Amino acid sequence: MPVKRTEKTRMPAREARVRARDFQEVNRGYTTFHAAFEAERCLRCQEPICVDGCPVKIPIPDFIHAVAIGDMAGAAKILRTSNPLPAICGRVCPQEIQCESECSMVKRCESVAIGHLERFVADWERTRPLAVMAATTRKEKIAVIGAGPSGLVCAGELARLGYPVTIYEALHAPGGVLRYGIPEFRLPKAVLDWEIGVLKATGVEIVCNVIIGKTLALDELLDKHGYAAVFIGTGAGLPQFLGIPGENLNGVMSANEFLTRINLMRAYEFPEADTPVRVSKRVAVIGAGNTAMDAVRTALRMGADEASIVYRRSEKEMGARVEEYHHALEEGVKFHWLTNPLEVVGNAEGWVTGLRCQRMKLGEPDASGRARPIPIVGSELLLPVDNVILAIGTTPNPLLTRTTAGLLTNKKGCLVADEQTGQTPKARVFAGGDAVTGAATVILAAGAGKRAAQAIHDALAPRR
Amino acid sequence: MPRILETRRLTPVTKYFRIDAPLIAASAQPGQFVILRVREGGERIPITIADYDRDAGSITIVVQEVGATTKRVCALEAGEEILDVAGPLGSKVEVPPGGHVCGVGGGFGAAALLCLMRELTVRGDRTTAILGARNRDLLILVDEVRPLCRNVELCTDDGSAGFKGFVTQRLAQMIRGEGPGRPDHVIAIGPMAMMRAVAETTREAKINTLVSMDPLMVDGTGMCGGCRVTVGGRAQFACVDGPCFDAHQVDFEEAMRRNKQYAREERQAADRLACAAAGE
């Protein structure tokens, strides 16, 4: 009988003072000892409801049991058959609101650290020679649009089912938000490259620099290039702006621009790399989701003296993962809660000098279920800052829908698709991930990609 | 990787490239652009598609050396490959048919008139191109543009070719009925200051005028918002909503200020490249 331990085995992390000034990964990962110790905490419930909390339905107790008995290869196999991106999901999933929130232990103490264990197993797998697992057994070609989380997972699943799959990616490198959005200190590019390498080894072809809807029409894929089905995983990449005065001053940018310059274009290596980014002494990031945390922590690493979050609601309504918030606090990020930006203020040359804000209080819940922020009269304040980064959300890119007949979008610009199968109103066209849901998480996109792959398989090879 | 089929120096700082890019050639429309990258760690830069040959599967671009990346592009020769070419991006130029269309090409902006003037002439519009430069040696693609439109008006600051003066002065004369006469539509492509001057020239005459904006861009697909331009008081993304906008609605002052955001870094990169070249 394992000893009852009420707390998770802590994830070893690099010292905040040191890590806040470089781009190396914050979390060090469990050692074999940590992993075995933590795996023993799992109660191996008869009806493991943690699995219900997982969008890709990883048989969680099974892989954890394999870790507990030291069968890493077995654990890796279990993970990989249900989640084609375990090294990524183990790092970036909000486990605390998914699998870990359903863990039976939560009622009495801390849940099992499922995410940390997933990462441990996936990292172990990365040290092993690559095992090629799929062979092309089917003749129907499938095209996937977008090499982000949903597209990669959909392609991986289809390859596993024996289909020849081609992913078309608009940018010059695959990964989508995993490459341009999530910073190195949270998801090292080596991990992403390894996962993409696994997909390629299973036969997935990735073609970069092709923008479906521009370079090639979606209908051309179906009619001219002979694809039997298409999966759209174009994500939600269009940044939103607040529409407040001063938003186009020099020094104001979307978090997408800021992170893309750094993550995809390697602006931190300027002038060795050619794309610059201007980070000044005092940086304000508007918003409090994961992208906001990524941006504000990146600003510190780019040399900002002071990096702060400005959010119109409170800590409780914040959208970021708990771990990201804690890491940000440890690294010295300042938080202006209940503070609503009204105007970006600039100097005569058109550069940002400050952010005029208003204090808020919380009222009744609004349509999103979160408490509605209400302005406090006469509470205006000016935050002296030289950079303003907007991380207030993204919407699906209209590029493909504008140029493709037969697809439908809702009023938020999201593609209409069946929640279970991803089938769009257009025959042989499926969709999933942020393009359908609006900006959500990597794992929800992965789940949608996986379900769509199964639906495509069901449509092409009906089960008798 | 797309191979360069042909290159030609047009002026000491501009170079013509024909590139093997069948997919882009098949779908390109006037007004659209491509994003190029020439080396690992390199910038993504937007370049207007000057022309395309759907049968040959090639596109034409003209690159002006303004910074480190464009200098690197201009160092490439026929037979070499370009690391990344993505496109066609942006929306095509929309001009109502049947009128007298005047394309104004300032400096290397003349290049973008190639496919535009041809398409408009072929569909039956009356077309005039005004090509302008400081002197006759800096005028580019005159022989190429000439067969593509009804009239070609040359302007040089020093009078060494055609009309002596700015393109806007010649345009003003046309609006008053001189030469090919008053245009119904004007499309200006070139340096921001010239496009702003064209907008001012046609504003009072209420001539429908489009300008092809060239803001800083990172991805070129709508993802970064760095290319936002204020048009009629609203922020528009040049990469997806443009790059052509109603000239009379564009906030040029803001656009010019935003384009200088990275001037310091651009100089630094150019100096560094020059030093590296000198060291060889």
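Residues numbered from 1 in each chain as written. Chains lettered and ligands numbered in written order. Predicted model: local features only at pLDDT ≥ 70, side-chain atom pairs only at ≥ 80, totals over all residues. Heavy atoms only, no water.

Draft legend 1. Layout of the overall build of chain B. Along its length, chain B carries eight helices and 16 strands. Relative to a compact globule of 280 residues, whose C-alpha radius of gyration would be 19 Å, chain B shows 18 Å and is just as compact. If one aligns the C-alpha atoms of chain B with their principal axes, the spans along those axes are about 55 × 40 × 40 Å. Looking at chain B as a whole, 59% of its 280 residues are labelled buried. (Helix = DSSP H or I, 4+ residues; strand = E, 2+ residues; numbered from the N terminus. Rg over C-alpha atoms; globule rule 2.2 N^0.38 Å. Buried < 20%, exposed > 50% of the residue type's maximum accessible area, 1.4 Å probe, protein only.)

Draft legend 2. Fine view of the overall build of chain A. Tallying secondary structure elements over chain A gives 17 helices and 15 strands in all. When the backbone C-alpha atoms are referred to their principal axes, chain A occupies close to 70 × 60 × 50 Å. Total accessible area on chain A stands at roughly 18800 Å², and carbon and sulfur atoms take up 53% of it. Taking the average place of the 56 positive charges on the side chains of chain A and the average place of its 51 negative ones, the gap between the two points comes to 2 Å. (Areas by Shrake-Rupley, 256 points an atom, 1.4 Å probe, with all protein chains shown as cover. Lys, Arg positive; Asp, Glu negative; His and termini not counted. Charge placed at Lys NZ, Arg CZ, Asp CG, Glu CD.)

Draft legend 3. Looking closely at the side chain of Glu 323 of chain A. All names here are of chain A. Residue position: Glu 323 is located in helix H14 (residues 322-330). On the basis of relative accessible area, Glu 323 is assigned to the buried category, the value being 18%. Only 2.9 Å separates the side chain of Glu 323 from the side chain of Asn 27, close enough to count as a polar contact. What Glu 323 contacts, discounting residues up to four positions off in sequence, is Met 11, Asn 27 and His 116. (Polar contact = N/O pair within 3.5 Å; in protein donor to acceptor, adjacent residues only side chain to side chain. Contact = heavy atoms within 4.5 Å.)

Draft legend 4. Up close: the pattern of salt bridges. If you walk through the whole model with that rule in mind, you get 53 salt bridges over all chains. The closest approach of N and O atoms between Glu 220 of chain A and Lys 224 of chain A, which form a salt bridge, is 3.2 Å. In this structure, the salt-bridge partner of Lys 15 of chain B is Glu 77 of chain B, at a minimum N-O distance of 3.0 Å. Separated by 62 residues along the polypeptide, Lys 15 of chain B in strand S2 (residues 14-20) and Glu 77 of chain B in the loop between helix H2 (68-74) and strand S7 (84-89) bring together distant segments of the chain. Residue classification places Lys 15 of chain B among the buried residues on the basis of a relative accessible area of 2%. (Salt bridge = Lys/Arg side-chain N within 4 Å of Asp/Glu carboxyl O.)

Draft legend 5. Highlighting the domain arrangement of chain A. Residues and elements named next belong to chain A. Partitioning chain A into structural domains gives domain 1 (16-126), domain 2 (141-237 + 394-460) and domain 3 (241-390). Placing a centre on the C-alpha atoms of domain 2 and another on those of domain 3 gives a separation of 30 Å. Contacts between domain 2 and domain 3 engage 14 residues on the former and 13 residues on the latter. Both faces combined, the contact of domain 2 with domain 3 buries some 1100 Å², and carbon together with sulfur accounts for 56% of it. (Domains from an automatic or database assignment. Buried area = accessible area lost by both parts, 1.4 Å probe.)

Draft legend 6. Layout of the sheet that holds strand S7 (residues 282-286) of chain A. Residues and elements named next belong to chain A. Read from one edge to the other, the open sheet built from five strands follows the order S6-S13-S7-S8-S9, with strand pairing classed as parallel. The two strands at the open ends of the sheet, each matched to only one other strand, are strand S6 (252-254) and strand S9 (334-336). When the angles between neighbouring strand axes are averaged without regard to direction, this sheet yields 25°. Sheet analysis places S7 next to strand S8 (residues 306-310), joined by five bridges and oriented parallel. Bridge assignment links Ala 284 to a residue of S8, and that residue is Ser 308. Helix H12 (residues 255-264) rests against S6 and strand S13 (387-390) of the sheet, and its axis sits at about 80° to S6. (Pairing = 2+ DSSP bridges. Axes fitted to C-alpha atoms, helices over the stretch in contact; angles between N-to-C directions.)

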